[in-house]
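Given next are the chains, with one letter for each unit.
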Amino acid sequence: MQTDLPLKRLTQLCPGDLLPLLGTPEAEVMAVESLELPASKSSLDTLLRLRQHDGTEYLHLIEWQGYRDPQFLWRTLGYLSWLGQNRRERPILATVIYLHPGDDVGDTLQQGTPGSASWIASIHSVRLWTLDAAKAVASDAPGLAVLSPLMDRVTPALVEQAGDIVLRRV
């Protein structure tokens, strides 16, 4: 299932609602971008420009994953590499958000050979099916309400409540 377009749109419309998923619920969204990367003609999903209450500004890459792709973490690392080379803003953080357990290819790339130096790159990950759907709906945030049917302990009643939130708030 190709999920980029609707989830990019969700991120553009409700970026602040997604900040709890990034571990920065009190950050302020300053901009939302979707960039086309020149060499590969691919686009990263969404890049948020955020500001913390203390004034710290930074970039936060969000990559949504709705199908199994063994190259997903490599591609995300490539996006981070491109951003690091072509954008001046620092720090640059990243979160990968998996929609279903079958989509999950992990959160760590590790390379090395026996007896040689190795490297590890870990990327913050969110696994929607592990989050509490009732808490997402109780937040009254449309962005989280849209995602709540993919979360743990979802019920038909919660899906209806989520729909009501979206209709009322958007």
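Note that this is a predicted model, so its numbers are computed, not measured.

**Student:** An account of the nonpolar core is needed here, citing residue identities and associated values.
**Tutor:** The biggest cluster of nonpolar side chains holds 28 residues, and the ones touching the most others in it are Leu21, Trp64, Ile97, Leu128 and Leu147. Those elements giving two or more residues to this core turn out to be α1 (4–13), α2 (19–22), β4 (46–51), β5 (57–65), α4 (133–138), α5 (142–147) and α6 (156–169). Excluding residues that lie within four positions of it along the chain, leucine 128 makes contacts with Leu21, Ile97, Tyr98, Leu99, Leu147, Leu150, Met151 and Asp152.

**Student:** So what about the environment of glutamine 2? Which residues, and what values?
**Tutor:** Residue placement: glutamine 2 occurs in the segment before α1. A sequence separation of 84 residues divides glutamine 2 from asparagine 86, and the C-alpha atoms of the two residues are 28 Å apart.

**Student:** Could you give an account of the pattern of salt bridges, naming the residues involved and the relevant values?
**Tutor:** Scanning the model with the defined rule gives 13 salt bridges in all. Of the charged contacts, one joins arginine 49 and glutamate 33 as a salt bridge, the two residues approaching to 3.1 Å between their closest N and O atoms. In this pair, arginine 49 is assigned in strand β4 and glutamate 33 in strand β1 (residues 28–33), connecting sequence segments 16 residues apart. Between glutamate 89 and arginine 87 there is a salt bridge, with its nearest N and O atoms 3.1 Å apart. In this structure glutamate 89 comes out as partly exposed when scored by relative accessible area, which is 24%. Relative accessible area serves as the criterion here: at 15%, arginine 87 is assigned to the buried category. Salt bridges here are not isolated pairs; linked through shared partners, they connect Glu33, Arg49, Arg87 and Glu89.

Quick notes on the rules
- Counting starts from 1 at the beginning of each chain's written sequence and moves along it residue by residue.
- Totals for whole chains, interfaces and linings use all residues, but because this is a predicted model, local features are given only for residues with pLDDT of at least 70 and pairs of side-chain atoms are given and counted only at 80 or more.
- Where side-chain values are given, they derive from all heavy atoms of the structure, hydrogens and water being excluded.
- By convention a nonpolar core is built from buried Ala, Val, Leu, Ile, Met, Phe, Trp, Tyr and Cys residues, the set being connected through side-chain atoms within 4.5 Å.
- To sort residues, take the accessible area from a 1.4 Å probe on protein chains only and compare it with the maximum for the residue type: under 20% means buried, over 50% means exposed, and anything in between is partly exposed.
- Where helices and strands are cited, they refer to DSSP runs of H or I of at least four residues and of E of at least two residues respectively, numbered from the N terminus.
- Two residues form a contact once any of their heavy atoms are found within 4.5 Å.
- Counted as salt bridges are all cases of a side-chain nitrogen of Lys or Arg within 4 Å of a carboxyl oxygen of Asp or Glu.

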